[in-house]
Amino acid sequence: MTSLFADTGSLLVLTFMLLLALIAGHWIHALSYERRSANLPLATKDHSLGLKVAEKRAEVLALEEKRSKLDQEISDRDRLIAETASQKELLDRLRLEYDQLREAKEEIEKTRLEAAEMAAEYAKVSQNLEAAREEMAAIDRAKTAHELEKLDYQRRLEEYSGKLEELKHEGGQIEAGLVELRSERDWLLGLRNEVTALEAKKAILADDLADLETRLQALDEMQTQHAELTASIRMLGQQIAEKAHEGQRLAARADAISTQVAEAERQLSRLADDKQRHDQLRREVDSMDEELQKGLSQKSRLEAQIAVLEQEASKLADNLGSTSSSTETSEEIARDLLVVPETLKTPSTIGRAYRTEDEALHNVASYLDKRGLKFSDRILRAFHTSLKINDHAQMTVLAGVSGTGKSQLPRRYSEAMGIHFLQIAVEPRWDSPQDLLGFYNYIEKKYRATDFARALVHMDPYNTSGLSDRAFEDQMLLILLDEMNLARVEYYFSEFLSRLEARPQFKEVGEAIKRRDAQLPIDIRATNALKTTLSVFPGHNVLFAGTMNDDESTQSLSDKVLDRSNVMQFSAPVKFEQLKAEDRVEQADKALPFAQWRSWIKPSNSMGDSDRTKTEHALQNLADIMKSCGRPFGFRLHEAVMAYVANYPRRNNLVEAINAAISDQIEFRILPKLRGVEVEPHDSDLRRLAELVRQDLGDQAFGDEIEATIDRGTNTGLFSWRGIQRR
């Protein structure tokens, strides 16, 4: 190894010495060349200089070529920088799309889990429903046995009551005889003091006394028997009362189980809808998975660029996030709610001239006629009164076949009255209050309001949200949910109805604590600028109506909606009249003041004694009929009917107005609750209803139509009211 290093060192020294020799030789040669050049003639020098110039030109050309290459490299660098920026933008978009797809996938997974839970719940509800049906059948059997036993007890009670009356009659006769006997006994006791003087009459009086003693003993025995019979009858009465109480308890339990069965059936229907929605979501999931795979493949191709730009993009996102969170204000968060809907811009001024209620209704009728719309005076007054009692019936529903003017009536009524009108088209996919009030967009980080929410904010007379300038507090708004039963009303409007029902009476609405339960929360996420969610109060100056078509594509209304609504059924026209509308029809240019509207509303206790007695009598008869049909009603419907009758516009014939109002409420509140009742077992009760309408209320056409509906129901088995053509 040492000899190897020594040989290598010698070789290096030898190489270095050779290089020095070559350099020295080259230097000597150059020096000699310069000396020879100096001694050469000018021609030779000129040739030499020409060679040098050519060499320099070649160097210049080489430099130009090098500069061109450098320019090309600079251009390529700029192009690469531009492409890098483009790739960076593409990267940002792909990352945003990837995040959105990832969130969507998480939501889809969550939906899958919820669907699995719903399926399990569906099975459980099915089992509970079957058990409830079996228990219901057992209760029906027990109820039938109890009814038979109750009838037997009543028969025995009637027999004992007859015997008791006979015994009372005999006891009265005995009491009368007893008085005479006691007077005779007293007389005989007096005679005992004279027994010495009347010794001759002793034998006769002794016989009479013995006879009297026998009669007294028989009377005592009869009194004892009477007391025993009275105690037995009292005991039987107690047993009958106990059985009646047990029957009431069983009936209440049967009603509760019926309610559970109905709720279970609604849950089954809702779960079936959820299953369809789950299938649709599953298809959307598959489509999203395909898109996700495409995005992931594109992402894999750009991973190299992502690695380079990720840090810079993260810094930029942090800077943007810190800037937006620090400068965002509550007005910016709720900016979408501040927009005034177009429907509130006309009419733009409030009318100050007072109109009576009859004048206003006359103007509406004239306006409808000019528009070429034919509605009877009875229908117009019924719709007007239904809106007036929104404290007691929060919704006015216009039902019937398509094309009968259900949507036109609310719109043209509002135009003629000077009431703002907002029509909302209900969609079949609606399943939550957010479809009405708007929602928070997680991708855009913004709240997206609806015209419904905007209108409620601006119409709120108490500015509950803190966003309104209260410019519309003395104006009115009618909101129409068009084709409201395309989706299940309980899903998107149930909470809203409960809030409206919790709304205090108008005379108490000024107290903030009483308005709290009626306030509607709006789905705006709290931030640094907005610490709590917003709420809005639906004032009494906002009226609600809805239309629904009777066909196989729609949902039926639940008892909760029916109990809080007046359902006006529009029947198919009997004949088609050719109506002509005027070319130009001016609608009201002044808004109806809310104070003037309130002046038309009367409390229920404003009715006279005779009107109240007639209405209460009709309600009592209706309660008996509905109870017999298995569809009883409570205080809510009772108070709503009383309010409707009190607020129905009167004409010269007050009796006719009262009868018409009660008939309207039978059509709007009673008949919708009878839909689906079996006709055969309740035939007599339904015909009692028709007779009540004809005899007590004098509405022959209405009573005949109820009879015709009953006759049609004998073929189908169920009662189904389809309305009456009013003239």
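The paragraphs below set out a description of the structure included in this document. (Residues numbered from 1 in each chain as written. Predicted model: local features only at pLDDT ≥ 70, side-chain atom pairs only at ≥ 80, totals over all residues. Heavy atoms only, no water.)

**So, the packing of aromatic side chains**
Item 1. By the definition in use, this model includes 15 aromatic pairs.
Item 2. Relative to phenylalanine 493, the ring of tyrosine 492 lies with its centre 6.3 Å away and its plane at 55°, an arrangement referred to as tilted. Each member of the pair, tyrosine 492 as well as phenylalanine 493, is classed as buried.
Item 3. The ring centre of phenylalanine 537 lies 6.0 Å from the NZ or CZ of arginine 515, which sits over that ring.
Item 4. Looking at arginine 726, its charged tip hangs above the ring of phenylalanine 702, at a distance of 5.2 Å from the centre. (Phe/Tyr/Trp six-rings, centres within 6.5 Å; stacked < 30°, edge-to-face > 60°. Buried < 20%, exposed > 50% of the residue type's maximum accessible area, 1.4 Å probe, protein only. Lys NZ or Arg CZ within 6 Å of the ring centre and 35° of its normal.)

**Observations concerning the pattern of salt bridges**
Item 1. Counted under the stated rule, the structure contains 31 salt bridges.
Item 2. The shortest N-O distance in the salt bridge between arginine 378 and aspartate 664 comes to 3.0 Å. Here the residue arginine 378 occupies a position in helix α8 (residues 377-388), and aspartate 664 occupies one in helix α19 (residues 654-670), the gap between them amounting to 286 residues. Across this residue pair, the class does not change: arginine 378 and aspartate 664 are buried.
Item 3. Note that arginine 694 and glutamate 691 form a salt bridge whose closest N and O atoms lie 3.2 Å from each other. Here glutamate 691 and arginine 694 lie together in helix α20 (residues 683-695), a separation of three residues that amounts to about one turn.
Item 4. Because the salt bridges share partners, they merge into one network encompassing Asp683, Arg687, Glu691, Arg694, Asp704, Glu707 and Asp711. (Salt bridge = Lys/Arg side-chain N within 4 Å of Asp/Glu carboxyl O. Helix = DSSP H or I, 4+ residues; strand = E, 2+ residues; numbered from the N terminus.)

**Quick word on unusual backbone geometry**
Item 1. That bond from threonine 346 to proline 347 is cis: its omega, -10°, falls within 30 degrees of zero.
Item 2. Here asparagine 463, not a glycine, exhibits a phi torsion of approximately 50°, which is positive.
Item 3. Note on placement: asparagine 463 falls in the loop between α11 (451-459) and β6 (477-482).
Item 4. A relative accessible area of 21% means that asparagine 463 is categorised as partly exposed.

**Structural notes on the pairing of β6**
Item 1. Most of β6 is tucked away, with six of its six residues classed as buried.
Item 2. Across six bridges, strand β3 (residues 420-425) lies against β6 in parallel orientation. If you follow histidine 420 over to β6, its bridge partner there is leucine 477.
Item 3. Two elements, β6 and strand β9 (residues 542-549), share five bridges in a ladder whose sense is parallel. Bridged to leucine 480 within β9 is alanine 545. (Pairing = 2+ DSSP bridges.)

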